[in-house]
Amino acid sequence: NKRSGMRLLEQAIRLDPQFALAWAWLGNAKLLLAITQPAAESRALVAEARTAVTRAKAIDPGLAMGHFLEAVLHDYDLDFAASMDAMERAYAADPNQPYLIIRRGRNYAMLGQIDKAEQLIQEGLRRDPTDAIGIINLSRIMLAKGDLAEAQRLAIRSRDLGFVPAGAAICAMLNAQGNPQEARTCWAKLPDEITER
């Protein structure tokens, strides 16, 4: 679980406060946990993630994970131009990392470059077919392209791989398919941490 992972990262940092990658992964863990928490706790986790990422980048300014997380934090600030710049730095530092290829594709999708986004996310998922967040991002692209059945299949796969927020996308797609009662039932079965946000 994410909280036990954070405790292990915090222990690694106590043993070696200059371990840049541990700082970066601690920031990542906090951002991932923030997705599924109530708003007040989510804000606190994002603030803690900023601190961890700043520390990681201070120790190793060229760390790909540090630039990637900087991009994610810019997304939280709705500064998509800065996010894209940070993502390009992350990708340049480690162009073979599947999650960076996938997240770079997500950024292109946010800029409206759907074909480029799909190409990058597909490439990243060929390298790591278990990236649940990449799969939900591909689901969103399929939805934008009008392929509701494929979007739903991908959202279900993402949820089944453990990305809990994908459940909300599945419910919304049921409603879009003209099944409002199924959508309400789906929504009622979602975990509280999703429906309370």
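Here the structure is shown first, and the text comes after it.
Structural notes, computed from the coordinates. Owing to the predicted nature of the structure, the values given are computational and were not obtained by experimental measurement. (Residues numbered from 1 in each chain as written. Predicted model: local features only at pLDDT ≥ 70, side-chain atom pairs only at ≥ 80, totals over all residues. Heavy atoms only, no water.)

With 21 residues, helix 3 (residues 39–59) extends 30 Å between its outermost C-alpha atoms, agreeing within 8% with the 30 Å of an ideal straight helix rising 1.5 Å per residue. Turning to helix 3, its buried residues number three or more, namely S42, L45, V46, A49, A52, V53 and A56. What you see down the axis of helix 3 is that its buried residues fit within an arc of 130 degrees, all on one side. In this structure, helix 3 carries A40, R43, T51, T54 and A58 as exposed residues pointing more than 90 degrees from its buried face. Turning to helix 3, the residues buried within the fold contact helix 2 (20–35) and helix 4 (64–76). (Helix = DSSP H or I, 4+ residues; strand = E, 2+ residues; numbered from the N terminus. Expected span 1.5 Å × (residues − 1). Buried < 20%, exposed > 50% of the residue type's maximum accessible area, 1.4 Å probe, protein only. Arc of directions from axis to C-beta. Contact = heavy atoms within 4.5 Å.)

What follows is about the packing of aromatic side chains. Enumeration over the complete set of coordinates arrives at 2 aromatic pairs. Taking the centre distance of 6.3 Å and the plane angle of 65 degrees together, the rings of W25 and Y99 count as edge-to-face. You can see W25 sitting in helix 2 and its partner Y99 sitting in helix 6 (residues 98–110), a full 74 residues away along the chain. When the ring of F68 is compared with that of Y99, the centres are 5.4 Å apart and the planes differ by 65 degrees; the resulting orientation is edge-to-face. With F68 in helix 4 and Y99 in helix 6, this residue pair connects regions lying 31 residues apart in the sequence. We note that F68, like Y99, is buried. An aromatic cluster is present here, built from W25, F68 and Y99 joined pairwise through their rings. Above the ring of Y91, the side-chain terminus of R104 is found at 4.1 Å from the ring centroid. When the ring centre of Y108 is taken as reference, the NZ or CZ atom of K116 above it lies at 5.6 Å. (Phe/Tyr/Trp six-rings, centres within 6.5 Å; stacked < 30°, edge-to-face > 60°. Lys NZ or Arg CZ within 6 Å of the ring centre and 35° of its normal.)

So, on to helix 9 (residues 148–160). Between the first and last C-alpha of helix 9 there are 18 Å, a value that for 13 residues agrees with the 18 Å anticipated at 1.5 Å per step. Along helix 9, the residues classified as buried are A151, Q152, L154, A155 and S158. Along helix 9, the residues classed as buried sweep out an arc of 165 degrees about the axis, all on the same side. In helix 9, those exposed residues whose orientation departs by more than 90 degrees from the buried face are A149 and D160. Of the surrounding secondary structure, the elements contacted by the buried residues of helix 9 are helix 8 (132–144) and helix 10 (166–176). Downstream of helix 9 by a residue or two, G162 has a phi angle that is positive, lying close to 110 degrees.

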